[in-house]
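# Residue-level structural notes
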Amino acid sequence: MFKIIEKEWLNANTFRMVVDAPMVSRSCMPGQFVIVRTDEEGERIPLTICDYDRDAHTVTIVVQTIGAGTIEMSKKEAGEYLADFVGPLGNPSDLCTDPIEEVRKKKIVFVAGGLGTAPVYCQVKWLHEHGITADVIVGARSKDILILEDEMKAVGNLYITTDDGSYGRTGNVTVCMEDLVTKEGKEYDHCVCIGPMIMMKFLSLLTKKLNIHTVVSMNPIMVDGTGMCGACRVKVGNDTKFACVHGPEFDAEKIDWDEAMRRSAMYKPEEAAALEKAKEGV
Amino acid sequence: MEVDMMKKVPVREQDPAKRARNFEEVCEGYNMEEAMAESTRCLNCKKPMCVEGCPVSINIPGFIQELKEGKVEDAYQVISLSSALPAVCGRVCPQEKQCEGKCVRGIKGEAVSIGKLERFVADWARENGIKPTPAKEKNGKKVAVIGAGPSGLTCAGDLAKAGYEVTIYEALHKAGGVLVYGIPEFRLPKEKVVEKEIENIKSLGVKIETDVIVGKSITIDELLNEEGFDAVYIGSGAGLPRFMGIPGENANGVFSANEYLTRSNLMKAYEEGSKTPIMKSKKVAVVGGGNVAMDAARTALRLGAEVHIVYRRGESELPARAEEVHHAKEEGIIFDLLTNPVEIIADEKGWVSGIKCIRMELGEPDASGRRSPVEVAGSEFTIDVDTVIMALGTSPNPLISSTTEGLEVDRRKCIVADDNGKTSRDLVYAGGDAVTGAATVILAMGAGKTAAKAIDEFLNK
């Protein structure tokens, strides 16, 4: 059992949990993920790590209530327990494992959409602690769903953009990126993009045109998360990779996005039915 | 009860038509009368070949002699000297290739039904609250075991009995390994059998820590240098499921058997109201001919599908246990033998709509002695299915080998261990599928047992 130390709602359907998980916090790195089960009947839910504190033995996750499983998790409060919290899984971000002097030479930009802001924060913070302050584009549909603004400002050069123009710049992250590079003289040679699949697809089509090497973090359907089930197959170039052991970060240019999006919808009818049931229960 | 000495006492099974629609255990096992009757068939050979055929060397005639006299508890203690999981082995061992395959009775008639007798004894012991002989005094030494599957549990049980303080680290949320995620309920009941046998191992003093991924959460070097373990046993199991590399394999509706079975067994997706979904298939092709293929096929059947086994060799080459093939056929699984998939066909939305196959014929025997199949030119045909399950074995998981410096792996990336389970690293032993590649429960147990002995000998030097 894993104790929830803190819990806070970041917007109407996104919450942040700080969990006592010494076996994860002792070795986790930005880019890696955990698998969480709320209770003994719960499904195994993969979540990318948002923050960690080795001294306090805690790991922070940010969760959006998009399905029955995450709604169930959202009912847990500080002081209560999660049945399982296992990790770290997957590989750390290359930026946090490559020699730091190499990383320092790169002109890095992060692009975060929606919930993707949480795992991006983890990497930006790590770089900041290692003397590198990167540019960060954070996109949201509107101001009221923007998350982790203050936290991100403290560790990176933040550009906020909203689809409806209610805060920061107007338009999606792709528009913002294009403006920064083509109109505002920004130069980047490395981009890390995390967010909804459709956003990562279009952002990476742009960065390819702009000649910016781009890495994305994939979050496909998973069961065990340790390489055993193969549900998380992602086509990368000519190879089929398992996101859990070979990823979750891959070169954006090589991803077969249409296949990835199709595969992520594999259990849509079942998920919708479960969501209906969960909502009735609320 | 009258016994035909040439034949096994028949075992009661659920009716095939009925069991094809439920997940209750297929084989009902012997009762006391049947078990005692069957035990009279054992000749108590001076040189018991059956024991040689057993990877954990159970004193088979020994326990059967106790059983003949109705002393079931004594029979259980004889078995538990050698096996930590008798109720499991009685159900899942390929007896026809091991103990029963060597039984002298088998020369002229049918072998003694050793597996069913072992199962009876273990079930009787459990129902009557009999536990294995507890650990003797602790010797103050600590061993870490990686993986709570058959190999790790056996190694841990033996070491605990020898006085070691043993902690098992398990990556999943539940102990049991393949016994809980792989083998279905209808072949190996989880609550009734697996959990109880794991309780027995815990009662020997073994600690099991779930949700710990050695190689990620903590490394082997940290276990040895920081956590104070005197030795480590790696029983981390098989690994990444193999696919064929044919077109269409990433279509929606193509699963590894591991995924399909894990959803059903570990996550209980076969039960109404389960929170983990499983595909509701109408027609399924399972590719492969081993036990895992049979398990996946019979699970899909029970979930309401018509199921085809697609296997590239012939009937006699099927690597599955004879009993599983027999049961699968009784239940109505269709065997498309000498058939190999060449492409998975998807509809316009990317969902599986068929599997294109080619007929095969058997050619010359290959290095393994099996006749290798060759394609019959121009014989392609398509089976309309909505689901394809690949049961082609696994390749080793890199989590441990990639984070343990100096741990030698072979060209297939399996961990290299000698006959005693010793790896290229001091104090590190390994066994089971992590070393051999996908094999059987009992071979993994045998490796765990051998390594426990080697660890004990080394640490007591």
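Predicted model, so just to flag it, every value in this text is computed and none were measured. Here the residue numbering is sequential within each chain, running from 1 through the sequence in written order. Chain letters start at A and ligand numbers start at 1, both assigned in the order the entries are written. Since the coordinates come from a predicted model, pLDDT governs what is reported: local features require at least 70, and pairs of side-chain atoms require 80 or more to be given and counted, while whole-chain, interface and lining totals use all residues. Derived side-chain values reflect all non-hydrogen atoms in the structure, with water molecules and hydrogen atoms excluded from consideration.

## Considering the overall build of chain B
By definition, any uninterrupted DSSP run of H or I lasting at least four residues is a helix, any uninterrupted run of E lasting at least two residues is a strand, and each is numbered from the N terminus. Helix and strand counts for chain B come out as 19 helices and 18 strands. A radius of gyration in this sense is built from C-alpha atoms; the matching globule rule multiplies 2.2 Å by the number of residues raised to 0.38. Taking 461 residues into account, the globule formula puts the C-alpha radius of gyration at 23 Å, and chain B, at 22 Å, falls close to it. Taken over the C-alpha atoms alone, chain B extends approximately 65 × 60 × 50 Å along its principal axes. Relative accessibility decides the category of a residue: with a 1.4 Å probe and only protein chains considered, values under 20% of the type maximum give buried, values over 50% give exposed, and everything between is partly exposed. Within chain B, the proportion of its 461 residues that are buried is 57%.

## Quick look at the interface of chain B and chain A
In this analysis, two residues are considered to be in contact whenever any of their non-hydrogen atoms come within 4.5 Å of each other. Facing the 42 residues of chain B at the interface are 42 residues of chain A. The term buried area denotes the loss of accessible surface (1.4 Å probe radius) that occurs when two parts are joined, taken as the sum for both partners. Contact between chain B and chain A buries roughly 3400 Å² in total, counting both sides, with carbon and sulfur atoms accounting for 56%. When the area that chain B buries against chain A is broken down by residue, the three leading residues are B:Lys216, B:Asn250 and B:Lys275, summing to 21%. For this analysis, a salt bridge means a side-chain nitrogen from Lys or Arg found within 4 Å of a carboxyl oxygen belonging to Asp or Glu. As a salt-bridge pair, B:Glu226 and A:Arg26 come within 3.7 Å of each other at their nearest N and O atoms. The term polar contact refers here to a pair of N or O atoms within 3.5 Å; inside protein, the definition further demands a hydrogen-donor-capable atom paired with an acceptor-capable atom, and it admits residues adjacent in sequence only when both atoms are side-chain atoms. Where chain B meets chain A, there are 21 residue pairs in polar contact (both at pLDDT 80 or more). Those elements giving two or more residues to the side of chain B that touches chain A turn out to be strand S7 (239-241), strand S8 (254-256) and helix H14 (257-265) of chain B. If you tally residues by element for the side of chain B that touches chain A, the top one is H14(B), at 4 residues.

## Overview of the environment of B:Pro86
Residues and elements named next belong to chain B. Structurally, proline 86 can be placed in helix H6 (residues 86-92). Distance from proline 86 to arginine 313, taken between C-alpha atoms, is 33 Å for residues 227 residues apart in sequence. Residue contacts for proline 86: discarding those within four places in its chain leaves Tyr76, Ile79, Glu118, Ala122 and Glu197.

## Quick notes on the sheet that holds strand S5 (residues 51-53) of chain A
Backbone-to-backbone hydrogen bonds pair the strands of a sheet. The strands run either parallel or antiparallel. Residues and elements named next belong to chain A. Two strands are said to pair when DSSP picks up at least two bridges between them. One open sheet holds the 5 strands; their spatial order is S5-S6-S2-S1-S7, and the pairing between them is antiparallel. Edge strands, defined here as strands with exactly one partner in the open sheet, are S5 and strand S7 (81-82). Here strand S1 (residues 2-11) runs beside strand S2 (residues 14-20); their pairing, made up of 6 bridges, is antiparallel. Across the sheet, residue lysine 7 finds its bridge partner in S2, namely methionine 17.

## Let's talk about the pairing of strand S3 (residues 142-146) of chain B
Residues and elements named next belong to chain B. The buried fraction of S3 is high, at 4 of 5 residues. Bridge analysis of S3 against strand S4 (residues 165-169) gives 5 bridges, and the strand direction is parallel. Residue pairing for S4: valine 145 is matched across the bridge by isoleucine 168. In this region the chain leaves S3, passes through helix H10 (residues 150-161) and returns to the parallel neighbour S4; the handedness of that crossover is right-handed. Relative to strand S6 (residues 231-234), S3 is paired through 4 bridges, and the arrangement is parallel. Each residue of the ladder has a partner; that of isoleucine 146, found in S6, is isoleucine 234. Convention used here: a crossover is right-handed provided that the path from the first strand, over the helix, to the second strand proceeds clockwise when the strands point away from the viewer.

## Section: the pairing of strand S10 (residues 306-310) of chain B
All names here are of chain B. Judged by how many residues are buried, S10 sits mostly within the fold: 4 of 5 residues are covered. Sheet topology places S10 next to strand S11 (residues 334-336); 3 bridges connect them, and they run parallel. The partner of histidine 308 across the bridge, within S11, is isoleucine 334. Read as a crossover between parallel neighbours, the route from S10 over helix H16 (residues 322-331) to S11 is right-handed.

## Things to note about the pattern of salt bridges
Summed over the entire model, instances satisfying the criterion amount to 49 salt bridges over all chains. Of the charged contacts in the structure, one is a salt bridge between A:Lys183 and A:Asp179, with a shortest N-O distance of 3.3 Å. Highlighted residues: A:Lys183 and A:Asp179, both in helix H6 (residues 173-183), separated by 4 residues, approximately one helical turn. We classify A:Lys183 as exposed; its relative accessible area is 67%. In this structure, B:Arg187 and B:Asp295 form a salt bridge, with 2.8 Å as the shortest nitrogen-oxygen distance. Of the two residues, B:Arg187 is situated in the loop between helix H11 (178-181) and helix H12 (190-202) and B:Asp295 in helix H15 (residues 291-302); the sequence distance between them amounts to 108 residues. Owing to a relative accessible area of 8%, B:Arg187 belongs among the buried residues under this scheme. By relative accessible area, B:Asp295 is classed as buried at 3%. Bridged by salt links that share partners, the residues B:Arg19, B:Lys116, B:Arg187, B:Asp295, B:Arg298, B:Arg302, B:Arg321, B:Glu323, B:Glu324, B:Glu330 and B:Glu331 form one connected network.

## Looking at the packing of aromatic side chains
All names here are of chain B. Stacked, tilted and edge-to-face are the three classes applied to pairs of Phe, Tyr and Trp rings, where Trp contributes its six-membered ring and a pair requires centres within 6.5 Å; stacked means planes under 30 degrees apart, edge-to-face means over 60, and tilted covers the rest. For the coordinates displayed, the defined rule picks out 7 aromatic pairs over all chains. On the basis of an interplanar angle of 50° and a centroid distance of 6.0 Å, the ring pair of phenylalanine 23 and phenylalanine 186 is categorised as tilted. Highlighted residues: phenylalanine 23 in the loop between helix H1 (16-19) and strand S2 (27-29) and phenylalanine 186 in the loop between H11 and H12, separated in sequence by 163 residues. The pair formed by phenylalanine 23 and phenylalanine 186 is uniform in burial state, with each residue classed as buried. On the basis of an interplanar angle of 40° and a centroid distance of 6.3 Å, the ring pair of phenylalanine 255 and tyrosine 260 is categorised as tilted. The pair phenylalanine 255 / tyrosine 260 is uniform in exposure class, with both members buried. Ring pairs connect the aromatic residues Phe23, Phe186 and Tyr270, which therefore count as one cluster. Any Lys NZ or Arg CZ found within 6 Å of a ring centre and within 35 degrees of that ring's normal is scored as a charge over the ring. The ring of phenylalanine 229 is capped by lysine 142, whose NZ or CZ atom sits 4.5 Å from the centre of that ring. Its guanidinium or amino end placed over the ring of phenylalanine 335, lysine 329 lies 5.6 Å from that ring's centre, counting from NZ or CZ.

## Comments concerning helix H9 (residues 257-264) of chain A
Residue and element names in this part refer to chain A. When H9 is considered as a whole, its buried residues turn out to be Trp257, Glu259, Ala260 and Arg263. Within H9, the buried residues cover an arc of 165° as seen down the axis, which keeps them to one side. Tucked inside the fold, the buried residues of H9 contact helix H7 (197-209), strand S14 (213-217) and strand S15 (233-236). Note that the arc is computed from the directions linking the helix axis to the C-beta atoms.

## Some remarks on the sheet that holds strand S11 (residues 157-162) of chain A
Residue and element names in this part refer to chain A. An order of S12-S11-S10-S9-S13-S14-S17 is seen for the 7 strands of this open sheet, with the pairing classed as mixed. Of all strands in the sheet, those with a lone pairing partner are strand S12 (169-170) and strand S17 (249-251), marking the two edges. Strand direction decides the pairing type here: S14 and S17, joined by 3 bridges, are antiparallel. Each bridged residue has a counterpart across the sheet, and for serine 217 the counterpart in S17 is glutamate 249. Fitted lines through C-alpha atoms serve as axes, helices being fitted only where they are in contact, and the angles separating the N-to-C directions of these axes extend from 0 to 180 degrees. Across the face of the sheet, H6 comes into contact with strand S9 (108-113), strand S10 (135-140), S11, S12 and strand S13 (190-194) while running at roughly 150° to S10. Where H7 meets the sheet, it contacts S9, S13 and S14, and its direction lies at approximately 165° from that of S13.

## Thoughts on the domain arrangement of chain A
Residue and element names in this part refer to chain A. Where each domain starts and ends follows an automatic or database-derived domain assignment. Its domain assignment divides chain A into domain 1 (2-89) and domain 2 (94-217). Each partner contributes to the interface: domain 1 provides 14 residues, whereas domain 2 provides 14 residues. The largest contributions to the domain 1 side of the interface with domain 2 come from Asn11, Pro30 and Cys50, which together make up 36% of the buried area. At the boundary of domain 1 and domain 2, one finds 1 salt bridge. The interface formed by domain 1 and domain 2 holds 2 residue pairs in polar contact (both at pLDDT 80 or more) in total.

## Remarks on the side chain of B:His327
Mapped onto the elements, B:His327 comes out in helix H16. Apart from residues no more than four positions distant in its own chain, B:His327 is found in contact with B:Glu13, B:Arg19, B:Val26 and B:Arg298.

## Details of the nonpolar core
We call a set of buried residues a nonpolar core when its members are Ala, Val, Leu, Ile, Met, Phe, Trp, Tyr or Cys and they connect through side-chain atoms within 4.5 Å of each other. Counting residues in hydrophobic clusters, the biggest one holds 78 residues, and the most contacted among them are B:Ile60, B:Phe63, B:Val121 and B:Ile455. When residues of this core are assigned to their parent elements, the largest contribution, 8 residues, is made by helix H19 (residues 441-459) of chain B. The residues touching B:Phe63, leaving out its near neighbours within four places in the chain, are B:Ile58, B:Ala75, B:Val78, B:Ile79, B:Ile114, B:Leu117, B:Glu118 and B:Val121. Counting 49 residues, the second-largest nonpolar core is a separate cluster that includes A:Val24, A:Tyr52, A:Ile147 and A:Val192.

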